[in-house]
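Tertiary structure, described
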Protein chains: 2
Amino acid sequence: MPYTTSSSSPFLQACAGQVPSRKPIWLMRQAGRILPAYRQLRSQYQSVSELFDSPELASRITLMPVEQLGVDAAILFTDLVTPLKALGVHYRYQPGPVLERPIRHRSDMQTLTARSLDASLNHVLETVRRVRAGLPPEVALIGYAGAPFTLAAWLVEGQATRDLSVLRRLLFCNPVLAHELLERLAVLAAEFLQAQIEAGAQAVQLFDTSVGMLGPVHFREFALPYVCRVFEQLDTAGVPRIYFPLAAPHLLPWLPPSGADVLSLDWRTPLDTLYARLDPAFPLQGNLDPCALFAPVAQLDQAIDAVLASAADRPHIFNLGHGVLPDTPLAQVRRLVERVHNSGTGAAGNQTPELSGDAAHG
Amino acid sequence: MPYTTSSSSPFLQACAGQVPSRKPIWLMRQAGRILPAYRQLRSQYQSVSELFDSPELASRITLMPVEQLGVDAAILFTDLVTPLKALGVHYRYQPGPVLERPIRHRSDMQTLTARSLDASLNHVLETVRRVRAGLPPEVALIGYAGAPFTLAAWLVEGQATRDLSVLRRLLFCNPVLAHELLERLAVLAAEFLQAQIEAGAQAVQLFDTSVGMLGPVHFREFALPYVCRVFEQLDTAGVPRIYFPLAAPHLLPWLPPSGADVLSLDWRTPLDTLYARLDPAFPLQGNLDPCALFAPVAQLDQAIDAVLASAADRPHIFNLGHGVLPDTPLAQVRRLVERVHNSGTGAAGNQTPELSGDAAHG
């Protein structure tokens, strides 16, 4: 059922298809290296996994950007691969996750165990509880997980790769095994998000960062049905469900997936082209190019205004098109948040529409 | 001016918008690791650059797939970054190219020199001459270069990166410098291709493997105009000009670029969706997913037939959606070439259209 709310949170209001007086903004990867307080904390620990695994540290880090940037939502500080722990998967950061035993053949499936979420992921749920207790009521907490196809990419590739050719070969060579794996990952992602909601998450986002490698036929066979399954499982949870497919403009004809309340876009697709064919109450999230935050302020403002203009008066959650880059100047991030917040008042935004139409759309 | 030909080469005929009785096929990266003869030769040299730099070896390698696979075109065995040598750029293979001094600031531009093509790239032109002398008349030789934006990606990033964030930041921070660099690279690519044509190349392809990272506004400012400029320079050269933008389905509204005679697609976009809005005589090239070559033969055949069906009776050069993967089984590649060649006769192809419509389109 579509998400509705009477919350005072502009983020949740926008997720429900409303246009709040203050436009909400949060940034993917906002809880991390752009913040000096995070870098200072990080330097005291050898591996980032120590931060992910400690509810005390992870909750502090999750709250940092709310306090220091004034964003309208907190995003849980954890990793996309975290839920794989519930399958008994071991990995180390070098510096990205590298799995000890990738899943390539049917026999590898035996290495996956079915551990309870409580036993394997309770630290994440405890982080959720702590963050929620520390957030003001108008700031929402977003839980998240990798989408089933993207989790499968990590499981099969074993590490970040450029073309996912091991997984894509599996789809051709052993589709039965691929479906079995995706089934399990869909169940896992749904359970993990449900547990995050019960612990206090007020919205959930499925990150599908690998899905853009698929053509439409494989997308409709191996990715989309599992996203829909996760969202269906959360249908009565009463929180908005956000889907973020990265680098997937060719898959937009099949999006948003059934069950999604919000679709998040990267910078490849101007928001207005998608709004044009959506129900007027369907919210989009996005999509400033993270690289725009390195521009001189005049160009940054122009790029921000172009995104604002492309959303016009439709329900919109401002965000980047992908994660904020680690060395982004903090002052520029603050300028972004401020400009978006002021945009509803007419103080910024559509001043020079004839210019912003030509600007980098972000 | 549009390309026309009276050649007996099915590849050149298709490039001219004809539908030859035998459907032409060649494969990106066909001259390389899939061939045992190549691997045997490669094992005798420490660096792949020794193979690129020797006209004797590079011409032998270029000819190998023509002899051993029966493809309809030879693609010059050289690297995408090769033309950068004419700017005095130094790089080493580790195992992909890594530049000694990437271009990041205006002061770095001084490190670029203007060497004559003869002095810096004569070995490539000599390779072209030798290959051309060794090819039967019905097999065409394709010359190539990186498109200006992709060459800029190498120059600025200094190596293969996943998100091109250094170059993309430069577009926002110093567009004037970016344009200067792209100007130079467009002149270089045009001169290099012109020299290849004079040495015997009968077609040229611009590989734009990095362009998919751009949103439409940046594409139209920083990539498309320079592709058009290269093709315009070759307007009277009398050879077909092929443009291959990788992972760029969102840029298709602006494609094919002016001056292109053929557009090459990856597996993200079914050929028929593009044919539908093109002039009936405009040829497409592509677009089997290279991973399909690992499938059991029934599924491979189905994927091949789906691509054939999506081209229907339009001018079409069969190819992969990107380079053939190094460990692809040779027997499967041979099966592909044979099936495509037989498709015109009705011996293969549209036998089970109701199935192939559902198959992975490649």
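Whatever comes next refers back to the structure up there.
Everything quoted here is computed from the prediction, not taken from an experiment.

Observations regarding the packing of helix 11 (residues 297-311) of chain B against helix 12 (residues 330-343) of chain B
Residues and elements named next belong to chain B. Where helix 11 contacts helix 12, the two axes come as close as 11 Å, and the packing angle between them is 40 degrees. The pairing of helix 11 with helix 12 is recorded here as oblique in orientation. Judged by the sense of rotation from one axis to the other, the crossing of helix 11 with helix 12 is right-handed. Of the residues in helix 12, those in contact with V297, L300, D301, I304, D305 and L308 of helix 11 are Q332, R335, L336, R339, V340 and S343. Residue composition of the contact of helix 11 with helix 12, by class: six nonpolar, two polar and four charged.

Things to note about the interface of chain A and chain B
Of the residues lining the interface, 35 residues belong to chain A; the matching set on chain B comes to 35 residues. Considering only the side of chain A, the residues that lose the most area to chain B are R169, F172 and R268 of chain A, jointly responsible for 23% of the buried surface there. Here chain A and chain B share four salt bridges between them. Taking the shortest distance from any N to any O, the salt bridge between D289 of chain A and R168 of chain B comes out at 2.6 Å. At the junction of chain A and chain B, the tally comes to eight residue pairs in polar contact (both at pLDDT 80 or more).

Looking at the environment of L12 of chain B
Residues and elements named next belong to chain B. Along the chain, L12 turns up in helix 1 (residues 10-15). By relative accessible area, which is 5% here, L12 ends up buried. It is 8.8 Å that separates the C-alpha atoms of L12 and P24, two residues lying 12 residues apart in sequence. The residues contacting L12, other than those within four sequence positions of it, are Y3, T5, S7, A140, Q202, A203 and P240.

Describing the side chain of S210 of chain B
Residue and element names in this part refer to chain B. Mapping S210 onto the fold places it in the loop between strand 5 (203-208) and helix 9 (216-233). Among the residues examined, S210 registers a relative accessible area of 11% and is labelled buried. Ignoring anything within four residues of it in the chain, the contact list for S210 reads F149, T150, A153 and L164.

Conventions we followed
Residues numbered from 1 in each chain as written. Chains lettered and ligands numbered in written order. Predicted model: local features only at pLDDT ≥ 70, side-chain atom pairs only at ≥ 80, totals over all residues. Heavy atoms only, no water. Axes fitted to C-alpha atoms, helices over the stretch in contact; angles between N-to-C directions. Helix = DSSP H or I, 4+ residues; strand = E, 2+ residues; numbered from the N terminus. Parallel < 35°, antiparallel > 145°, perpendicular 65-115°, else oblique. Left-handed = near helix turned anticlockwise from the far one by under 90°. Contact = heavy atoms within 4.5 Å. Nonpolar A, V, L, I, M, F, W, Y, C, P; charged D, E, K, R; others polar. Buried area = accessible area lost by both parts, 1.4 Å probe. Salt bridge = Lys/Arg side-chain N within 4 Å of Asp/Glu carboxyl O. Polar contact = N/O pair within 3.5 Å; in protein donor to acceptor, adjacent residues only side chain to side chain. Buried < 20%, exposed > 50% of the residue type's maximum accessible area, 1.4 Å probe, protein only.

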